[in-house]
Amino acid sequence: GSMRERCGLRVLNLKMSGKDRLNVFPSRMALAQMKIRLKGAQKGHSLLKKKSDALTLRFRQILRKIIETKTLMGEVMKEAQFSLAEANFSAGDFSSTVIQNVDKAQVKLHTKKDNVAGVTLPVFQTYNDGADTYGLAGLSRGGQQISKCKEVFGKAVLLLVDLASFQTSFVTLDEVIKITNRRVNAIEHVIIPRIQRTMKYITTELDEREREEFYRLKKIQEKKKKLRKQEEMKKNVTEDNKPRNIFEEQDEDILFK
Amino acid sequence: MTMKGGKLLAVIGEEDTCTGFLLGGIGELNSKRQPNFFVVDKETTVSEVEETFKTFTSRPDIAVVLINQNVADMIRHLLDRYEQPIPSVLEIPSKDHPYDPTKDSILRRAKGMFNAEDFR
């Protein structure tokens, strides 16, 4: 990496992989702020992790339901196809009649909202709307088989609507879980380490400053001491370096100045 | 204004499948006389199926699209990329083609989370 001196701030700049720290002036207040931020990030991380866990649990449950229901659906459809074949046998080919008489659907869907760990999932529900368009179909020939056919396909529709709900939830959850996990990883591997590096930087700087202060103080003290010593020495020694004799010195006359 | 209710099921399938579900009561022509079902036969082209799939999945009044698995195979590329939660696309067996879970686009997305034994 390269070190750059910039406006008195030392900024360590390494490439890409985010081995960086936040750009703050190293002070005790900044350190306190970083502490708070770290706490926040850690709390956010654990909350998101909990959300991801809850969603993943629900996700697996739904997947199991889908597999269960799809297997069942295979069976029901077989039954339905069979009853259709029977009806065709009795009533002849009535498919064109059915297709040409389509008008309004009798079976419609409501969308309800379900909520899991803050994620809204749609739930489909069938309801009957209006009369049976084919109420009079096949009364002459094979009416019974056609009714049976209607019934079986009706059953299939209910099952398929449940399946559709599961599948929609599945797809939605898949997406949300991916996003949540990405965020969890981002906090864990980028944001928190970055804050920790910043805190380390600040503490190192503060320590360094303290040492410098201490050193400077010491130096000043030493200098002062030296000066004082020199002063002391000067007072105790005369010009020809003989010890001082107060009787030989002329004191200032206090009374008769 | 989107209604919470009043959504339809759509079918893209062989004649038998369509007939059956229409009998079941899901068929409707909307105000523009557009149907919510599409009969696929030997003459039907891949692009026709693609168009129908795109149309059905963009209609706001359709919540579920049923499609025979063998027809789904014709537009497998579209299904594998399909990411909308609604409408839900369900692959169903047809008269001559039983349901094969390994081909289902939705289940393939969850590959690795379960194995074939779960279907036995």
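Here the structure is shown first, and the text comes after it.
Since this is a predicted model, take the numbers as computed values, not measurements.

Student: So what about the sheet that holds strand β4 (residues 88-92) of chain B? Which residues, and what values?
Tutor: Strand order in the open sheet made by the 4 strands is β2-β1-β3-β4 (chain B), with parallel pairing throughout. Only two strands of the sheet have a single neighbouring strand rather than two, namely β2 (37-39) and β4 of chain B. Averaged over all pairs of adjacent strands, the angle between their axes in this sheet comes to 20°, without regard to strand direction. Bridge analysis of strand β1 (residues 8-13) of chain B against strand β3 (residues 62-68) of chain B gives 5 bridges, and the strand direction is parallel. Bridge assignment links Ile12(B) to a residue of β3(B), and that residue is Ile67(B). Across the face of the sheet, helix α3 (residues 143-236) of chain A comes into contact with β1, β3 and β4 of chain B while running at roughly 130° to β4(B).

Student: Kindly report on the pattern of salt bridges, identifying the contributing residues and their values.
Tutor: A side chain of one charge can pair with a side chain of the opposite charge if their charged atoms are brought near each other. Scanning the model with the defined rule gives 17 salt bridges over all chains in all. Ionic pairing is found between Asp104(B) and Lys70(A), a salt bridge with its closest N-O pair at 2.3 Å. Placement of Asp104(B) in the loop between β4 and α5 (105-109) and of Lys70(A) in helix α1 (residues 28-91) is noted, with the two residues assigned to different chains. Residue Asp104(B) shares its accessibility class with Lys70(A), and that shared class is buried. The network of salt bridges with common partners includes Asp73(B), Arg76(B), Glu91(B) and Lys103(B).

Student: Lay out the packing of aromatic side chains with the relevant residues and their values.
Tutor: Residues and elements named next belong to chain A. Summed over all chains, the structure comprises 3 aromatic pairs over all chains. On the numbers, 4.7 Å between centres and 10° between planes, the contact of Phe 59 with Phe 170 is stacked. Pair noted here: Phe 59 is in helix α1 and Phe 170 is in helix α3, with a separation of 111 residues, a long-range link. The exposure class of Phe 170 is buried, given its relative accessible area of 1%. Between Arg 21 and the ring centre of Tyr 201, over which it is positioned, the NZ or CZ distance is 3.5 Å.

Student: If you had to explain the side chain of Thr180(A) to someone new, which residues and values would you point to?
Tutor: Residues and elements named next belong to chain A. Inspection of the secondary structure puts Thr 180 in helix α3. At 2.7 Å, the side chain of Thr 180 forms a polar contact with the backbone oxygen of Val 176. Residues contacting Thr 180, with those up to four places away along its chain left out, are Leu 48, Lys 51, Ser 52 and Leu 55.

Student: For empty space enclosed by the protein, give the residues involved together with the corresponding values.
Tutor: Unfilled space is identified by rolling a water-sized probe across the atoms. Across all of its chains, the model carries 2 cavities of 30 Å³ or more by this definition. In this structure, the largest cavity spans a volume of roughly 50 Å³. In terms of lining residues, the largest cavity is bounded by Val102(A), Asp103(A), Lys104(A), Gln106(A), Asp132(A), Thr133(A), Tyr134(A), Leu22(B), Gly25(B), Ile26(B) and Gly27(B). Its volume calculated, the second largest cavity comes out at about 40 Å³. For the second largest cavity, the full set of lining residues is Leu79(B), Tyr82(B), Val89(B), Glu91(B), Ser105(B), Ile106(B) and Arg109(B). Within the residue set of the lining of the second largest cavity, elements represented by two or more residues are β4 and α5 of chain B. Ranked by residue count, the leading element in the lining of the second largest cavity is α5(B), at 3 residues.

Student: Which residues make up helix α2 (residues 46-58) of chain B, and what are the values?
Tutor: For α2(B), with 13 residues, the first-to-last C-alpha span of 18 Å sits near the 18 Å given by 1.5 Å per residue. If you follow the buried residues of α2(B), they end up packed against β1, β2, β3, α3 (69-74), α4 (76-81) and β4 of chain B.

Definitions and limits used
- Residues numbered from 1 in each chain as written.
- Chains lettered and ligands numbered in written order.
- Predicted model: local features only at pLDDT ≥ 70, side-chain atom pairs only at ≥ 80, totals over all residues.
- Heavy atoms only, no water.
- Pairing = 2+ DSSP bridges.
- Helix = DSSP H or I, 4+ residues; strand = E, 2+ residues; numbered from the N terminus.
- Axes fitted to C-alpha atoms, helices over the stretch in contact; angles between N-to-C directions.
- Contact = heavy atoms within 4.5 Å.
- Salt bridge = Lys/Arg side-chain N within 4 Å of Asp/Glu carboxyl O.
- Buried < 20%, exposed > 50% of the residue type's maximum accessible area, 1.4 Å probe, protein only.
- Phe/Tyr/Trp six-rings, centres within 6.5 Å; stacked < 30°, edge-to-face > 60°.
- Lys NZ or Arg CZ within 6 Å of the ring centre and 35° of its normal.
- Polar contact = N/O pair within 3.5 Å; in protein donor to acceptor, adjacent residues only side chain to side chain.
- 1 Å grid on protein atoms, 1.4 Å probe; cavity = no way out; pocket = protein on both sides within 12 Å on 5 of 7 lines; lining within 4 Å.
- Points joined across faces, edges and corners; volume = space filled by probe spheres on them.
- Expected span 1.5 Å × (residues − 1).

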